[in-house]
Amino acid sequence: SLKWMLDVVDADIVNPILDELFLAHIGDEEAVFGTIHLSRSEIEYLLDQGMVVGVHGYSHRKLGLMSFKEQEGEIMKSAAGIRELIGACPLHMSYPLGSYNPLTTRLLEKHNYCTGLTTRKHRNLETTPRYELGRFDCIDRDAF
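Rules used in this analysis
- Residues numbered from 1 in each chain as written.
- Predicted model: local features only at pLDDT ≥ 70, side-chain atom pairs only at ≥ 80, totals over all residues.
- Heavy atoms only, no water.
- Helix = DSSP H or I, 4+ residues; strand = E, 2+ residues; numbered from the N terminus.
- Buried < 20%, exposed > 50% of the residue type's maximum accessible area, 1.4 Å probe, protein only.
- Areas by Shrake-Rupley, 256 points an atom, 1.4 Å probe, with all protein chains shown as cover.
- Salt bridge = Lys/Arg side-chain N within 4 Å of Asp/Glu carboxyl O.
- Polar contact = N/O pair within 3.5 Å; in protein donor to acceptor, adjacent residues only side chain to side chain.
- Contact = heavy atoms within 4.5 Å.
- Phe/Tyr/Trp six-rings, centres within 6.5 Å; stacked < 30°, edge-to-face > 60°.
- Axes fitted to C-alpha atoms, helices over the stretch in contact; angles between N-to-C directions.
- Parallel < 35°, antiparallel > 145°, perpendicular 65-115°, else oblique.
- Nonpolar A, V, L, I, M, F, W, Y, C, P; charged D, E, K, R; others polar.

K.L.:
Explain the overall build of the chain here, please?
P.N.:
Looking only at helices and strands, the chain features 6 helices and 2 strands. Helices and strands appear in the chain in the N-to-C order α-α-α-α-α-β-α-β. Considered along the principal axes of its C-alpha atoms, the chain spans approximately 50 × 35 × 35 Å. By residue count, 28% of the 144 residues in the chain fall in the buried class. Split by element, the accessible area of the chain, about 9,900 Å² in all, is 57% carbon and sulfur.

As structure tokens, this is what we get:
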């Protein structure tokens with residue numbers, strides 16, 4: 001599918017094409033994203049209500065396919081961006097497209113992330129590694 005192809009193609013190749021398509025068919029990226037992403041006050045409200053806020057990567061690329069240096073940059077940029085909003089709250093990573101590898105989990109630990117969430121649907125036990133947590137989508141009603 002087109003979405004799959006865009007997820008696996010080199011970002012340096014696909015991003016200029018996507019930028020051009022977005023501008024031509026949707027409009028100014030900053031103006032549109034300002035209406036669909038959470039604002040600082042909305043994030044602060046969620047935190048005040050006891051919610052946990054995490055990151056989903058900086059550029060939403062498959063971490064498991066990146067080099068060590070690329071992954072570290074992605075993880076550090078994600079941390080810096082969210083820390084600017086949430087302060088010293090614990091960091092949690094939901095792997096973009098479910099992609100990670102042993103380097104990813106080592107980097108999360110190095111950069112003081114608390115957890116890593118996969119796209120695997122399974123219940124978590126005390127023995128589940130904290131950087132390989134399973135999760136269920138809200139539409140997975142039968143899983144509960």
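K.L.:
Hey, could you run me through the pattern of salt bridges in this one?
P.N.:
Any two side chains of opposite charge can pair, on the condition that their charged atoms come close. Scanning the entire structure with this criterion turns up 4 salt bridges. The partner of K110 in a salt bridge is E72, and the shortest N-O contact between them spans 2.7 Å. Pair noted here: K110 is in helix α6 (residues 102-110) and E72 is in helix α5 (residues 68-86), with a separation of 38 residues, a long-range link. Of the charged contacts, one joins R120 and E132 as a salt bridge, the two residues approaching to 3.9 Å between their closest N and O atoms. Of this pair, R120 sits in the segment after β2 (113-117) while E132 is found in the segment after β2, placing the two residues 12 residues apart along the sequence. With relative accessibility at 28%, the residue E132 sits in the partly exposed group.

K.L.:
What's the story with the side chain of N101 in this structure? I'm lost.
P.N.:
Note on placement: N101 falls in the loop between β1 (91-94) and α6. A residue is classified by how much of its surface remains accessible, and N101, at 17% relative accessible area, is buried. Within the structure, N101 has its side chain in polar contact with the backbone oxygen of G64 (distance 3.1 Å). There is a polar contact of 3.4 Å between the side chain of N101 and the side chain of Q71. Sequence-distant contacts of N101, defined by excluding residues within four places in its chain, comprise L63, G64 and Q71.

K.L.:
Please clarify how the packing of aromatic side chains should be interpreted in this entry.
P.N.:
Two descriptors summarise a pair of aromatic rings, namely the distance from one centre to the other and the angle between the planes of the rings. Per the stated rule, a full pass over the model turns up 1 aromatic pair. Pairing Y95 with Y100 gives two aromatic rings, centres 4.3 Å apart and planes at 15°, and the pair type is stacked. Accessibility expressed as a relative area gives 0% for Y95, which makes it buried.

K.L.:
Even after reading the chapter, I still don't get the packing of helix α4 (residues 40-48) against α5, so can you show me in this structure?
P.N.:
Two quantities define a packed helix pair, namely the angle between the axes and the distance from one axis to the other. Look at α4 against α5: their axes get within 9 Å of each other, and the N-to-C directions meet at 75°. Taken as axis vectors, α4 and α5 run roughly perpendicular relative to one another. Contacts between α4 and α5 involve R40, I43 and L47 on the former and, on the latter, E84, L85 and I86. Here the contact of α4 with α5 is built from residues that sort into 4 nonpolar, no polar and 2 charged.

Just distances and angles here, no functional claims.
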